[in-house]
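# Architecture at a glance
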Amino acid sequence: MTKTNAMRLLDAKKIAYESFAYAPEITDGQKVAQLLGEDERRVFKTLVTVSDKGEHFVFCVPVCASLDLKSAARAAGVKSVSMIRQKELEPLTGYIHGGCSPVGMKKRFPTFIDESANDAEEIYVSAGRVGCQIRVSVSALAAFVGAKFAAIAEF
């Protein structure tokens, strides 16, 4: 498997991870979790939002959950957040829909990981390419991207 930018950045900081590839046509997160043979509460999707003041925030929630926008805004300390438009994702982050990783965005944005991630030592996140996931230590990921933990998922 060709290394992604996210993998190279983790390698540079000597952060251990394991990569997994699957058919890029599979875009449903819950199906990805099944393919990985993992609990869908351990496979996280990366969502990018914009606040009422135009600030961008990144949220990671399990694929079996949705982002609670009110809780997300509260965690970020803003009045409200909404999902960015799909066409804005690549110019803003360098990643395309379905392959957005919290690691290696063009710019570092305030990042929040759902507190349920603390129930496991490792979680899966996108490796920065559709069809590619990485399993990484929750604490190492949070430290590397400067993430805070918050109750932001709606199960």
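A brief report on the enclosed structure follows. Please read these numbers as outputs of a predicted model, since none were measured by experiment. (Residues numbered from 1 in each chain as written. Predicted model: local features only at pLDDT ≥ 70, side-chain atom pairs only at ≥ 80, totals over all residues. Heavy atoms only, no water.)

## Here's the deal with the sheet that holds strand β6 (residues 111-114)
Pairing is mixed in the open sheet, where 5 strands are placed in the order β5-β2-β3-β6-β9. On the outer flanks of this sheet lie β5 (81-83) and β9 (148-150), each paired with one strand and no other. Strand-to-strand twist across the sheet, computed as the mean angle between neighbouring axes with direction ignored, equals 35°. Note that strand β2 (residues 44-51) and β5 share 3 bridges and pair antiparallel. Paired with Ser51 across the two strands is Val81, which belongs to β5. (Pairing = 2+ DSSP bridges. Helix = DSSP H or I, 4+ residues; strand = E, 2+ residues; numbered from the N terminus. Axes fitted to C-alpha atoms, helices over the stretch in contact; angles between N-to-C directions.)

## Side note on the sheet that holds strand β8 (residues 132-137)
Spatial strand order, β1-β8-β7: 3 strands in an open sheet with antiparallel pairing. With partners counted over all chains shown, the strands left at the sheet margins are β1 (17-21) and β7 (122-129), one partner each. Strand-to-strand twist in this sheet, taken as the mean axis angle between neighbours without regard to direction, amounts to 30°. Relative to β8, β1 is paired through 5 bridges, and the arrangement is antiparallel. Bridge pairing links Glu18 to Arg135 in β8. Strand contacts of helix α1 (residues 5-12): β1, β7 and β8, with the helix running at about 165° to β1, the strand carrying the most contacts. Its contacts with the sheet place helix α5 (residues 138-145) against β7 and β8, and it is angled at close to 100° to β8. (Contact = heavy atoms within 4.5 Å.)

## A closer look at the nonpolar core
Membership of the largest hydrophobic core comes to 31 residues, with the highest contact counts inside it found for Ile113 and Leu141. Contributions of two or more residues to this core are made by α1, β2, β3 (56-62), β7, β8 and α5. The greatest single-element share of this core, amounting to 5 residues, is contributed by α5. One finds Phe59, Val61, Ala65 and Ala76 within the second-largest nonpolar core, a separate group that totals 15 residues. (Core = buried A, V, L, I, M, F, W, Y, C linked by side-chain atoms within 4.5 Å. Buried < 20%, exposed > 50% of the residue type's maximum accessible area, 1.4 Å probe, protein only.)

## Re the pairing of β3
Sheet faces and side chains relate simply in a regular strand, where the side chains alternate between the two faces. The element β3 is largely enclosed, with a buried count of 6 among its 7 residues. Here β2 pairs with β3 via 7 bridges, running antiparallel. Following the sheet pairing, Phe44 is matched in β3 by Pro62. Between β2 and the antiparallel strand that follows it, β3, lie 4 residues; Gly54 among them carries a positive phi value of about 90°. Here β3 pairs with β6 via 3 bridges, running parallel.

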